[in-house]
Amino acid sequence: GAGYENVANYENCTIEFLNIPNIHSMRESINKLRDVCYSTNPDDSKWWSLVEGTGWMQYLNLILAGAERTVQLILAGQPVLNHCSDGWDRTAQLVSLAQIMLDPFFRTLIGLEILIEKEWLSFGHKFSVRSGICDESFSDSEQSPVFHQFCDCLYQIMMQYPTLFQYNENLLLTLSDQLNTCQYGTFLCNTEKDRNELNIKTKTHSLWSY
């Protein structure tokens with residue numbers, strides 16, 4: 001990746017690696033999962049083993065475990081600096097999930113909207129590049145289901161604690177769908193700077209108005 005801090009430069013600091021694979025592994029995993037789901041000759045007796053073979057569920061487990069570890073440290077009174085190689089992929093996933101676990105406000109509709117605006121849009125997650133949609137510089141090597149993976153992780157939490165959320169899986173499906181349809185301007189472009197320069201907010205409707 002892009003490296004990490006030298007602990008010798010920081011007092012009372014430790015580094016924990018979560019061993020979450022990179023965007024290329026995630027892309028390969030979801031492609032395998034898609035092949036399993038779209039198989040024309042599904043074998044029910046082997047379906048779950050085929051899903052397991054894609055690695056998708058194992059990756060969800062690693063991300064959720066990382067978010068849980070973040071929460072544990074914060075509840076213990078420890079400050080946490082969380083970042084991946086670039087800071088806009090796994091960082092957004094982990095920090096968003098940790099806040100949802102910690103703060104019931106982010107389990108409300110308005111709370112989730114604010115969370116996505118704050119940790120994904122304002123922080124610079126490259127929605128166009130990662131989705132491969134509406135981007136002239138599109139490259140297969142940069143495409144990865146990072147946001148879809150966040151939605152799936154959130155779904156796993158919701159299935160365990162459904163009464164703690166103001167929203168349900170229908171909202172998560174809507175978020176995933178709208179990322180790919182470009183019907184609204186919310187997920188267009190890669191940065192806040194790009195959206196401002198293109199006047200996205202005045203030229204398109206926001207998904208949150210839907």
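Scroll up a little and you will see the structure.
Note that the structure is predicted; figures quoted are calculated from it, not measured.

S.K.: How should I be thinking about the nonpolar core in this particular structure?
M.R.: Generally speaking, nonpolar side chains in soluble globular proteins are found buried as a group. Membership of the largest hydrophobic core comes to 40 residues, with the highest contact counts inside it found for Leu-97, Ile-100, Phe-147, Leu-154, Leu-175 and Phe-187. Put simply, the parts of the chain that give this core at least two residues each are helix 1 (23-37), helix 3 (56-75), helix 4 (90-102), helix 5 (109-121), helix 7 (146-160) and helix 8 (169-181). With 8 residues, helix 7 is the single largest residue contributor to this core. Ignoring anything within four residues of it in the chain, the contact list for Leu-97 reads Ile-63, Leu-64, Ala-67, Phe-150, Cys-153, Leu-154 and Ile-157.

S.K.: I keep staring at unusual backbone geometry and nothing clicks. Help me out?
M.R.: Phi at Asn-19 is positive, roughly 60°, even though this residue is not glycine. Topologically, Asn-19 is positioned in the segment before helix 1.

S.K.: How should I be thinking about the side chain of Asn-190 in this particular structure?
M.R.: By the element assignment, Asn-190 lies in the loop between helix 8 and helix 9 (192-197). The class for Asn-190 is buried, based on a relative accessible area of 11%. Looking at Asn-190, its side chain comes within polar contact range of the main-chain nitrogen of Ser-128, at 3.1 Å. Polar contacts involving the side chain of Asn-190 include one to the main-chain amide nitrogen of Val-129, which spans 2.9 Å.

Thresholds applied
Residues numbered from 1 in each chain as written. Predicted model: local features only at pLDDT ≥ 70, side-chain atom pairs only at ≥ 80, totals over all residues. Heavy atoms only, no water. Core = buried A, V, L, I, M, F, W, Y, C linked by side-chain atoms within 4.5 Å. Buried < 20%, exposed > 50% of the residue type's maximum accessible area, 1.4 Å probe, protein only. Helix = DSSP H or I, 4+ residues; strand = E, 2+ residues; numbered from the N terminus. Contact = heavy atoms within 4.5 Å. Polar contact = N/O pair within 3.5 Å; in protein donor to acceptor, adjacent residues only side chain to side chain.

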